[in-house]
Amino acid sequence: MTGRVVLVGAGPGDPELITVRGARALREADVVVYDRLVSPALLELAPARAERVYVGKEPARAATPQEQINTLLVEQATAGRTVVRLKGGDPFVFGRGSEEAFACAAAGVPFEIVPGVSSAVAAPAAAGIPLTHRGIARSFAVVTGSTASRAHGEPAPDLARLADAVDTVVVLMTAGNLEQTCAEIVAAGRPETTPAAVVQWATTPEQKTVVGTLGDLPSLALGASIGPPATLVVGEVAAIGRELGRLARRSDVLREPAAKTRDRC
């Protein structure tokens, strides 16, 4: 008897941002295999009888090897169970969801992919920063700044190629090397005066946003005790987001999860 695996995107942090389809999959789960950034509230959607298995990866700590996660999914499904693989954001955006899908396909295990709201777009939006804006930004790129991927021998993101290729650059998992990332983007040709913002714990009550420029953002973020998880946004849209936030707060119409926004002005 063969069960199935459902790769579900949990969204950027706020449990209300999971899709209806993702929530339904959780209610039907026999096993939930979940990551570090998944809201505990989402685990409560699964039946009480469902087994919950944590396989999260934390900075500077040992993590469950990806091959072991793949094996776990296949074994549980082969035993006839419905397995929900719950991932922060979207399972196919730096979530290794495709590797898990390949493992299921190779083993003949039925699987389904339920897209989620990626923090690549949700973190800027939650901070009032548009990734595109008519007349200013018509393109954006998303890369990972994770030091963990580099430690495992994966190539570093080609920031030199991206810095001038698109209007807005979004760097995920950047808290651990924000200063280096900003310096690399400047070295690639972006002026130090380019607006930039970093958003921590986007869409949650702990959300904190720091806005500045490529030149001063690292020091501002350090002063604000920005840590992981955090998303960096580089481009003129960061300045637009700051102005939008000021106007909205002046009129008391902007509702942020925590309204913790700091900038250099």
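Whatever comes next refers back to the structure up there.
Keep in mind that this is a model prediction, so the values were computed, not measured.

1. Thoughts on the pattern of salt bridges
This model, assessed by the stated rule, comprises nine salt bridges. Taking the shortest distance from any N to any O, the salt bridge between Arg21 and Glu112 comes out at 2.7 Å. Of this pair, Arg21 sits in helix α1 (residues 20–27) while Glu112 sits in strand β5 (residues 111–114), and the two are 91 residues apart along the sequence. Arg21 sits in the partly exposed class, given a relative accessible area of 46%. Residue Arg190 pairs with Asp164 through a salt bridge whose shortest N-O separation is 3.9 Å.

2. Thoughts on the sheet that holds strand β2 (residues 31–34)
Hydrogen bonds between backbone groups are what pair the strands of a sheet, and the pairing can be parallel or antiparallel. Taken in spatial order, the five strands of this open sheet run β3-β2-β4-β1-β5, and their pairing is parallel. Looking at the sheet topology across the chains shown, the edges are occupied by β3 (51–54) and β5. Taken pair by pair, the neighbouring strands of this sheet meet at an average axis angle of 15°, ignoring direction. Where β2 lies against strand β4 (residues 82–87), four bridges are found, and the strand directions are parallel. The residue of β4 that forms the bridge with Val32 is Val84.

3. What to know about the packing of helix α3 (residues 66–78) against helix α4 (residues 97–107)
The contact between α3 and α4 brings their axes to 9 Å, and the two run at 45°. The angle between α3 and α4 places the two elements in the oblique class. Relative to α4, α3 is oriented so that their crossing is right-handed. For the pair formed by α3 and α4, the contact residues are Gln66, Ile69, Asn70, Leu73 and Val74 on the first element and Glu99, Glu100, Ala103, Cys104 and Ala107 on the second. Each residue belonging to the contact of α3 with α4 can be placed in one class, and the counts come to six nonpolar, two polar and two charged.

4. Points about the nonpolar core
In terms of nonpolar packing, the biggest core is built from 22 residues, with Ile185, Val198, Leu217, Ile226, Leu232 and Val234 touching the most fellow members. Those elements that provide at least two residues to this core are β6 (140–144), α7 (159–162), β7 (168–172), α8 (178–187), β8 (195–200), α9 (217–223) and β10 (230–234). Non-local contacts of Leu232, meaning those with residues more than four positions away in its chain, are made with Val169, Val170, Val171, Thr174, Leu178, Thr181, Cys182, Ile185, Ala196, Ala197, Val198 and Leu217. Counting 18 residues, the second-largest nonpolar core is a separate cluster that includes Ala23, Ala29, Leu86 and Val114.

5. Focus on the environment of Gly189
Among the structural elements, Gly189 can be located in the loop between α8 and β8. On the accessibility criterion, Gly189 (44% relative accessible area) is partly exposed.

6. Remarks on the side chain of Arg190
Positionally, Arg190 belongs in the loop between α8 and β8. A distance of 2.6 Å separates a polar atom in the side chain of Arg190 from the backbone oxygen of Ala163. Once residues within four sequence positions are removed from consideration, Arg190 is found in contact with Ala163, Asp164, Val166, Asp167, Thr168, Val169, Ile185, Leu214, Val234 and Gly235.

Definitions and limits used
Residues numbered from 1 in each chain as written. Predicted model: local features only at pLDDT ≥ 70, side-chain atom pairs only at ≥ 80, totals over all residues. Heavy atoms only, no water. Salt bridge = Lys/Arg side-chain N within 4 Å of Asp/Glu carboxyl O. Helix = DSSP H or I, 4+ residues; strand = E, 2+ residues; numbered from the N terminus. Buried < 20%, exposed > 50% of the residue type's maximum accessible area, 1.4 Å probe, protein only. Pairing = 2+ DSSP bridges. Axes fitted to C-alpha atoms, helices over the stretch in contact; angles between N-to-C directions. Parallel < 35°, antiparallel > 145°, perpendicular 65-115°, else oblique. Left-handed = near helix turned anticlockwise from the far one by under 90°. Contact = heavy atoms within 4.5 Å. Nonpolar A, V, L, I, M, F, W, Y, C, P; charged D, E, K, R; others polar. Core = buried A, V, L, I, M, F, W, Y, C linked by side-chain atoms within 4.5 Å. Polar contact = N/O pair within 3.5 Å; in protein donor to acceptor, adjacent residues only side chain to side chain.

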